[in-house]
Amino acid sequence: MLTGKLITSVISCGRDRSLMLNNQRSEKIKSTATKVSFLVALFLLWEFLPTWTQSDKIIPPFHEVIKAFWVNLWTGDLLKHVGYSLELIFTGIAIGILLAFVLTALCIISKRFNDVMDVVISIMHPLPGIALLPVVMLLAGLGAKSIVIIIIHSILWPLIVNALAGFNSIPKIQTELGKNLGMKGLKLIWLVMIPNAFPYILSGIKIAWARSWRALVSAEMVFGASGMIGGLGWYIYKTRFFMDVSGMFAGLISVIIIGMVVDELVLKSIERNTVQKWGMSV
Amino acid sequence: MSDLQIKNICKSYKLENKELKVLDDISISLNSGDFLTVLGPSGCGKSTLLRCICGMETPDKGQILIDGNPIAGIGPERLMVFQDFNQLFPWKTVEENIIFPLKFNNISKNKAELKEIAEEFMDIVHLKKFRNAYPNQLSGGMRQRAAIARSLALNPKVLLMDEPFGALDAQTRAILQKELLLLWKKFNTTIIFITHNVQEAIILGSKIMVLGLMPATVKIEQENTIPYPRMPETKEFMDLWKILYEQLETKRF
């Protein structure tokens, strides 16, 4: 009698479990289906609405944009601009992260430096990079250098603010534990404090990635691209100037695709394999 | 495996310009391999006492000697196990949590040897199956086990335990008490174990101490001679329980 009950409860338990898994799976399918059908609807609307409303000179149908994207991609024009943009962005991000690392380290070592940094951050953090462009142009001239400086400015402050927030939120028990287990100075910072602050550092990098694109595209639109190839910002500006509306949208699509690819394939996968796996999400 | 002498330590904190005396003239003398359980009402300064021995705090007066030598700051010869479940490094697996401190304390540089040590201690605390699990995948009891294993692997002179089972359910607590006694018998480590649970203090300690409230002074210090394993139903257990319970001040500020 009891065994029978037990068996039925085990079976129903197993059924619950598979039901749950099924539910999870079907939820995932539903979620993906919703996203995909939204995109399809959007593309369909984009394809037919301009022709119906006879505004296809301003907004070309979707297939024309795709064609322009494809053609420009293979003739190399677009790729050249994409490559140039990425070069500027990665230079900016690399220098920005390095600077942020040094400045954050100084803030942690010296309380006085931290005080100075507080003031600098409250001045610089709310200042849009574009507003600084005239000053930067005067100081650094009309070259790629100025754009890299604007990118660095756009990402440096959020990187530092996030990293400092990370260091300030390290649980006391973790540093005490590190010391108790025999760690001191740099070892303690490197082996205990930085991993503890990592969730905040990573979210700073995610913000930096989005911000660097905004900085690049807007700087190039204001600034133009004299004496160089120019990045995607310049490409979009140029195509608009020559009324190549499809080309303009192709430029926009490139920005979106690169942003999504890096976010999904690089940043989110780093997040999944570190912060999420360790249960340290902010 | 060392003897510990605590001589007349005092400690006070400043609280809104008032001096708050936490520890008043506490002396403890432990032989190598003693298991001292410390009882006291919450807020009495039990943790402060332990933090002083660990070196996280410096007493205002008095001396702490290990094998006759005064302690020097914080270090791995006096290891603390906290109540907090967050005392493992969350980015390291159970195995790495044990190996990592061994590595930078130069216990061994040899990878195979380190793995062997970790293996031994994971086996003792029954976590072999979970060697590749991250702390957030473990239950509270497993995390405390891993923390104890990590501490013991470093072979400390004194193991300081600040209510390590305080946040566990009664059943897990009973299991871990048994395991801890086995570990203590195997390694003969000198242990100071803080608790506010009278029963736990009797089950574990070879010596029991009761502290008074604000400032903490030693009210009782006595040997616990009831043979292990100690059962709460026995008369000697209940008699001791009564004595200790009466000495525990229950009134608050």
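Since the structure is predicted, the reported quantities are computational estimates derived from the model, not experimental observations. (Residues numbered from 1 in each chain as written. Chains lettered and ligands numbered in written order. Predicted model: local features only at pLDDT ≥ 70, side-chain atom pairs only at ≥ 80, totals over all residues.)

> Account for the environment of B:K111, with residues named and values stated.
You can see B:K111 is positioned in helix α3 (residues 111–124). When the C-alpha atoms of B:K111 and B:I99 are compared, they prove to be 9.2 Å apart, with 12 residues separating the residues in sequence. (Helix = DSSP H or I, 4+ residues; strand = E, 2+ residues; numbered from the N terminus.)

> A description of the domain arrangement of chain B should follow, citing residues and the corresponding values.
Residues and elements named next belong to chain B. Taken domain by domain, chain B holds domain 1 (1–77 + 160–253) and domain 2 (80–155). Distance from the C-alpha centre of domain 1 to the C-alpha centre of domain 2: 24 Å. Taken together, the contact pairs 19 residues of domain 1 with 15 residues of domain 2. Elements represented by at least two residues in the side of domain 1 that touches domain 2 include exactly α1 (46–54), β7 (158–162) and α5 (170–187). Broken down by element, the side of domain 1 that touches domain 2 gets its largest block of residues, six residues, from α5. Of the residues assigned to the side of domain 1 that touches domain 2, the class counts are 13 nonpolar, three polar and three charged. (Domains from an automatic or database assignment. Contact = placed C-beta atoms within 7 Å. Nonpolar A, V, L, I, M, F, W, Y, C, P; charged D, E, K, R; others polar.)

> Tell me about the pairing of strand β8 (residues 190–195) of chain B, and name the residues and values.
Residues and elements named next belong to chain B. The element β8 is extensively covered by neighbouring structure, given that six of its six residues are classed as buried. Burial of β8 is two-sided: the residues T190, I192 and I194 facing one way and the residues I191, F193 and T195 facing the other way are all buried. Strand direction decides the pairing type here: strand β3 (residues 35–39) and β8, joined by five bridges, are parallel. If you follow L36 over to β8, its bridge partner there is I192. Direction of pairing for β7 relative to β8: parallel, over a ladder of five bridges. Bridging across to β8, D162 finds its partner in I194. Handedness of the crossover is the feature at issue here: the chain leaves β7, passes through α5, returns alongside β8, and the resulting connection is right-handed. (Buried ≥ 20, exposed ≤ 12 C-beta atoms within 10 Å, placed from the backbone. Pairing = 2+ DSSP bridges. Right-handed = clockwise from strand over helix to strand, strands pointing away.)

> Lay out the sheet that holds strand β10 (residues 218–223) of chain B with the relevant residues and their values.
All names here are of chain B. As summarised here, the arrangement of the six strands in space is β6-β7-β8-β3-β9-β10, forming an open sheet in which the pairing is mixed. Single-partner strands in this sheet number two, and they are β6 (78–81) and β10. Going across the sheet, the axis of each strand differs from the next one's by a mean of 15°, ignoring polarity. Running at roughly 150° to β7, α1 makes contact with β3, β6, β7, β8 and β9 (207–211) of the sheet. (Axes fitted to C-alpha atoms, helices over the stretch in contact; angles between N-to-C directions.)

> Now, about the sheet that holds strand β1 (residues 4–15) of chain B: what can you tell me, with residues and values included?
All names here are of chain B. Taken in spatial order, the four strands line up as β2-β1-β4-β5 in an open sheet, and their pairing is antiparallel. The open sheet terminates on both sides in strands that have one partner only, identified here as β2 (18–30) and β5 (69–70). Of the pairings in the sheet, the one linking β1 to strand β4 (residues 61–66) comprises five bridges and is antiparallel in character. Within β4, the residue paired with I6 across the bridge is I64. Sheet strands touched by α1: β1, β2 and β4. Its angle to β2, the strand with the most contacts, is close to 65°.

> With reference to specific residues and values, describe the environment of B:N188.
With respect to the helices, strands and loops of the structure, B:N188 is situated in the loop between α5 and β8. Since 13 C-beta atoms lie within 10 Å of it, B:N188 is described here as partly exposed.

> Describe the packing of helix α7 (residues 172–180) of chain A against helix α8 (residues 185–223) of chain A, naming the residues involved and giving the relevant values.
All names here are of chain A. At their nearest, the axes of α7 and α8 sit 10 Å apart, and the two run at 160° to each other. The angle between α7 and α8 places the two elements in the roughly antiparallel class. Here α7 runs over α8; the crossing is right-handed. Together, Q174, T175, G178 and K179 of α7 and L188, L191, V192, M193 and N196 of α8 make up the contact between the two elements. Of the residues in the contact of α7 with α8, the class split is four nonpolar, four polar and one charged. (Parallel < 35°, antiparallel > 145°, perpendicular 65-115°, else oblique. Left-handed = near helix turned anticlockwise from the far one by under 90°.)

> For the nonpolar core, give the residues involved together with the corresponding values.
In terms of nonpolar packing, the biggest core is built from 68 residues, with B:I53, B:A149, B:L160 and B:I192 touching the most fellow members. With seven residues, helix α4 (residues 140–153) of chain B is the single largest residue contributor to this core. Taken domain by domain, the makeup of this core includes at least three residues from each of domain 1 (1–77 + 160–253) and domain 2 (80–155) of chain B. Counting 50 residues, the second largest nonpolar core, distinct from the first, contains A:I149, A:I152, A:W157 and A:W234. (Core = buried A, V, L, I, M, F, W, Y, C linked by C-beta atoms within 7 Å.)

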